[in-house]
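Next come the chains, spelled out residue by residue.
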Amino acid sequence: MAESGPLIVTGAAGFIGSHLCERLLSLGIRVVGVDNFDPFYDTAIKRANIDEVRRSAERLRASFELVELDLAEASPTRALFERVRPAGVIHLAAKAGVRPSIADPAAYARANVVATAVVLEESHRAGASRVVVASSSSVYGNASRVPFAEDDPANEPVSPYAATKRANELQCYSHWHLTRMPTACLRFFTVYGPRQRPDLAISTFLGKISRREDISVFGDGSSSRDYTFIDDIVSGVVASYRRIDRFGYRVWNLGGSAPVRLDEMLATISRVVGHEPRITRLPMQPGDVLRTWADLARSARELDYSPTTGFEDGVRRQWEWMKRA
Ligand SMILES: NC(=O)c1ccc[n+]([C@@H]2O[C@H](COP(=O)([O-])OP(=O)(O)OC[C@H]3O[C@@H](n4cnc5c(N)ncnc54)[C@H](O)[C@@H]3O)[C@@H](O)[C@H]2O)c1
């Protein structure tokens, strides 16, 4: 993937961003990572992620620079993009998480909608060849038809977080319409693996079940998620970056292709850590969806996307990493 200038990766200190930076560096790409170390979860975890990226850059003799910046601030973001003149931009920065977005929707609108407007505008002004933007399976809401396909209606998001992600897709469309800068929106389906965000269920359950603590389980265990292993997501992001210029504006699902019920997920985690869970059952939470399931026909056809990591294997890899971290 030969590039004239560096790539800007936003959200570089986060779970997905840090893995993506390492993959790009391994492909010989210069990377400028941007992150504001939002305190949504322990920023020491984000510093540790960046330390890993820096170690990879040293080992690979590759070029990585980190810039601490709030992307909702237009002036410093413009100055950065003018200095770097990125060949392309992969925009992963966001406030993630469904439940906290219900508590503070305005903060989500700023971090997700305002910052995306700034990133799109500055990418175009700085002459970037293309932009890839993280969306989410949450845009499908509680759609009854499964699996979820990209052309299905996605107009009934059930949380402020999901609404910001759908808004991002619409922002990208109108920006592409006006500028013709190729723009991909990627609907990630619950991503897991080493460095997974600590607020996400697999991470929480691995920690608590291994310490024989009680876990809170929302609903009767029949809800399901299409979990996607981090290496598969990163492969999909890189493929979309390479191919978006053939499409102009495009939405792609990136999922794991096999939905896992919550009770199966708990059984898998129990096998992996070697303890039975102690469960407190609670009602489903507002904003949570019942199931997600990605139709991968388009991403398979257009990106050659094909997830390769099975669920139990992926959970074992996350657990091995948690024990080392
Ligand atoms: N992890 C998943 O399962 C999942 C699923 C669907 C979509 N996504 C999307 O993928 C992207 C990455 O998710 P993640 O799980 O790696 O989350 P993460 O929270 O680990 O990473 C996001 C990073 O963005 C940074 N950030 C937030 N606001 C910023 C701002 N205003 N300026 C600069 N940096 C800012 C945060 O500090 C954080 O390091 C997000 O856009 C998220 O919405 C993730």
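Only a predicted model underlies this, so the values are computations on that prediction, with no experimental measurement involved. (Residues numbered from 1 in each chain as written. Predicted model: local features only at pLDDT ≥ 70, side-chain atom pairs only at ≥ 80, totals over all residues. Heavy atoms only, no water.)

1. Here we look at the site of the ligand
1) Next: Of all residues adjacent to the ligand, which total 27 residues, the nearest are Asp35, Tyr41, Tyr161, Lys165 and Val191.
2) Next: Within the backbone of Asp38, one N or O atom sits 3.0 Å away from an oxygen atom of the ligand.
3) Next: Separating an oxygen atom of the ligand from a side-chain N or O atom of Arg197 is a distance of 2.9 Å.
4) Next: Considered on its own, the ligand offers 820 Å² of accessible surface; in the complex 97% of this is hidden by protein.
5) Next: Going through the elements one at a time, α1 (15-26), β5 (131-136) and α6 (160-179) are the ones with two or more residues in the shell around the ligand.
6) Next: Looking at the shell around the ligand element by element, the count peaks at three residues for β5.
7) Next: Of the residues contributing to the shell around the ligand, the split by class is 15 nonpolar, six polar and six charged. (Near = heavy atom within 4 Å. Polar contact = N/O pair within 3.5 Å; in protein donor to acceptor, adjacent residues only side chain to side chain. Areas by Shrake-Rupley, 256 points an atom, 1.4 Å probe, with all protein chains shown as cover. Helix = DSSP H or I, 4+ residues; strand = E, 2+ residues; numbered from the N terminus. Nonpolar A, V, L, I, M, F, W, Y, C, P; charged D, E, K, R; others polar.)

2. Considering the packing of aromatic side chains
1) Next: Inspection of every chain in the model, using the stated rule, returns 12 aromatic pairs.
2) Next: With a centroid separation of 5.2 Å and an interplanar angle of 85°, the aromatic rings of Tyr173 and Tyr249 are classed as edge-to-face. Taken together, the residues Tyr173 in helix α6 and Tyr249 in strand β11 (residues 249-254) connect sequence positions 76 residues apart.
3) Next: Under the relative-accessibility criterion, Tyr173 is labelled partly exposed at 39%.
4) Next: A residue is classified by how much of its surface remains accessible, and Tyr249, at 17% relative accessible area, is buried.
5) Next: Over the aromatic face of Tyr241 sits the side chain of Arg130, whose NZ or CZ is 5.1 Å from the ring centroid.
6) Next: Arg187 extends its terminal NZ or CZ atom over the ring of Tyr140, reaching a point 4.8 Å from the ring centre. (Phe/Tyr/Trp six-rings, centres within 6.5 Å; stacked < 30°, edge-to-face > 60°. Buried < 20%, exposed > 50% of the residue type's maximum accessible area, 1.4 Å probe, protein only. Lys NZ or Arg CZ within 6 Å of the ring centre and 35° of its normal.)

3. Regarding the packing of α1 against helix α8 (residues 230-243)
1) Next: It is at 10 Å that the axes of α1 and α8 come closest, and there the two elements cross at 65°. Like other packed secondary-structure pairs, α1 and α8 cross with a definite hand, here right-handed. Between α1, through Phe15, Ile16, His19, Leu20, Arg23 and Leu24, and α8, the contact on the second element is made entirely by Ile230, Asp231, Ile233, Val234, Ser235, Val237 and Val238.
2) Next: Here the residues of the contact of α1 with α8 sort into nine nonpolar, two polar and two charged. (Axes fitted to C-alpha atoms, helices over the stretch in contact; angles between N-to-C directions. Left-handed = near helix turned anticlockwise from the far one by under 90°. Contact = heavy atoms within 4.5 Å.)

4. Digging into the side chain of Arg243
1) Next: Positionally, Arg243 belongs in helix α8.
2) Next: For Arg243, the side chain forms a polar contact with the side chain of Asp304, separated by 3.0 Å.

5. Section: unusual backbone geometry
1) Next: That bond from Val146 to Pro147 is cis: its omega, -10°, falls within 30 degrees of zero.
2) Next: Here Pro147 lies in the loop between β5 and α6.
3) Next: Backbone geometry places Phe37, a non-glycine residue, at a positive phi of 50°.
4) Next: Residue position: Phe37 is located in the loop between β2 (31-35) and α2 (43-60).

6. Regarding the pattern of salt bridges
1) Next: This model, assessed by the stated rule, comprises 27 salt bridges.
2) Next: Between Glu122 and Arg78 there is a salt bridge; the shortest N-O distance is 3.0 Å. Pair noted here: Glu122 is in helix α5 (residues 105-125) and Arg78 is in helix α3 (residues 74-84), with a separation of 44 residues, a long-range link.
3) Next: Assessed through its relative accessible area of 29%, Arg78 is described here as partly exposed.
4) Next: When salt bridges with common partners are traced through the structure, they connect Glu22, Glu52, Arg55 and Arg195 into a single cluster. (Salt bridge = Lys/Arg side-chain N within 4 Å of Asp/Glu carboxyl O.)

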